[in-house]
Amino acid sequence: DGSPVAQTLSASVGHLGFAWNQNPTGLTWDAFGYPAFSIGGLSNGWQMVQTQATTGCRLSTQNPALVGIGTAMAGGASGGPWILNFWPTLSTLGANYAGGLNSNIFVGDAIQVYSPYFDASVKQLKDVAVAMKP
């Protein structure tokens with residue numbers, strides 16, 4: 001009849017695995033983004049930047065709790081995923097789990113970018129969003 005078939009978000013655009021309730025201490029992430037600038041040069045947001053970084057801190061005094069990784073990505077990189085066990089294809093089992101995202105930086109802290117801590121409530125929100133159909 002020509003009408004579009006309703007699909008889940010994952011079926012429409014693809015997906016990463018999801019890591020939540022992780023102990024972030026010492027985890028290595030591959031962070032991706034399109035920063036307008038970073039330490040060491042301008043990228044003007046035209047090129048994807050990949051940074052491999054280890055969790056540097058956890059700020060449980062913030063609401064929501066934040067985790068930080070060492071990276072020079074800044075403005076424009078927001079929303080880019082932090083991927084645990086990164087492999088360039090999704091065909092590798094046990095790889096490519098999103099567990100954070102480039103969310104914010106603090107003035108004067110040019111080598112950390114922060115993400116809300118992905119706990120069970122974030123997992124629940126993600127599950128609801130992925131299951132929705134247009």
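Preceding this paragraph is the structure being described.
Residues numbered from 1 in each chain as written. Predicted model: local features only at pLDDT ≥ 70, side-chain atom pairs only at ≥ 80, totals over all residues. Heavy atoms only, no water.

## Section: empty space enclosed by the protein
To keep it simple, the criterion reads: Here a cavity denotes a set of grid points, spaced 1 Å apart and computed over the protein atoms alone, in which a 1.4 Å probe fits but from which it cannot get out, and a pocket denotes an open set meeting protein on both sides within 12 Å along at least five of seven lines; residues with an atom within 4 Å of a point are reported as lining. Grid points are joined across faces, edges and corners, and a volume is the space filled by probe spheres set on the points. Three classes are used: nonpolar for Ala, Val, Leu, Ile, Met, Phe, Trp, Tyr, Cys and Pro, charged for Asp, Glu, Lys and Arg, and polar for all others, with Gly counted as polar.
Under the defined criterion, the tally for this structure stands at one cavity of 30 Å³ or more. Its volume calculated, the largest cavity comes out at about 60 Å³. Taken together, A19, W20, N21, Q22, P24, W29, V67, G99, Y117 and F118 make up the lining of the largest cavity. Among the residues making up the lining of the largest cavity, the classes are represented as seven nonpolar, three polar and no charged.

## Regarding the layout of surface pockets
Rule in force here: Put simply, DSSP marks the helices as runs of H or I at least four residues long and the strands as runs of E at least two long, and each gets a number from the N terminus on.
Quantified by volume, the largest pocket comes out at close to 430 Å³. Lining the largest pocket are 19 residues; nearest its centre among them are L16, F18, A98, K126 and V130. Contributions of two or more residues to the lining of the largest pocket are made by α1 (9-13), β1 (17-18), β8 (97-101) and α2 (120-131). Considering every element that reaches the lining of the largest pocket, the biggest residue donor is α2, with five residues. Of the residues contributing to the lining of the largest pocket, the split by class is twelve nonpolar, six polar and one charged.

## Regarding the nonpolar core
Test applied: Nonpolar cores were defined as sets of buried Ala, Val, Leu, Ile, Met, Phe, Trp, Tyr and Cys residues, with membership established by side-chain atoms within 4.5 Å. Only protein chains enter the accessibility calculation, which uses a 1.4 Å probe; a residue is then buried when its area is under 20% of its type maximum, exposed when over 50%, and partly exposed in between. Contacts between residues were defined by any pair of non-hydrogen atoms, one from each residue, lying within 4.5 Å.
Counting 13 residues, the largest nonpolar core has W29, A31, I69, W82 and L84 as its most contacted members. Taken together, the elements giving at least two residues each to this core come down to β2 (28-33), β6 (66-70) and β7 (81-84). When sequence neighbours within four positions are dropped, the list of residues in contact with A31 reads V49, Q50, T51, I69, M73, P81, W82 and N102.

## A word on the pairing of β6
Two faces make up the sheet, and in a regular strand the side chains alternate between them. Condition: One requirement defines pairing of two strands: DSSP has to find at least two bridges between them.
Counting buried positions along β6 gives four out of five residues, so the element sits mostly inside the fold. Pairing analysis gives four bridges linking strand β5 (residues 49-59) to β6, with the strands arranged antiparallel. By the bridge assignment, R58 is partnered in β6 with V67. Between the antiparallel neighbours β5 and β6 lie six residues. Sheet analysis places β6 next to strand β9 (residues 112-116), joined by five bridges and oriented antiparallel. What sits directly across from L66, in β9, is P116.

## Here we look at unusual backbone geometry
Here the bond from N63 into P64 is cis, since omega is 5°, no more than 30 degrees from zero. Positionally, P64 belongs in the loop between β5 and β6. If you check the backbone angles, N85 has positive phi at about 60° while not being a glycine. Phi is positive for N96, close to 65°, though the residue is something other than glycine. For N96, the location among the structural elements is in the loop between β7 and β8. Judged by its relative accessible area of 1%, N96 falls in the buried class.

## Let's talk about the side chain of N102
With respect to the secondary-structure elements, N102 resides in the loop between β8 and β9. We classify N102 as buried; its relative accessible area is 2%. Residue contacts for N102: discarding those within four places in its chain leaves A31, F32, G33, M73, A77, S78, G79, G80, W82, V113 and Y114.

Honestly, it's all geometry; don't read function into it.
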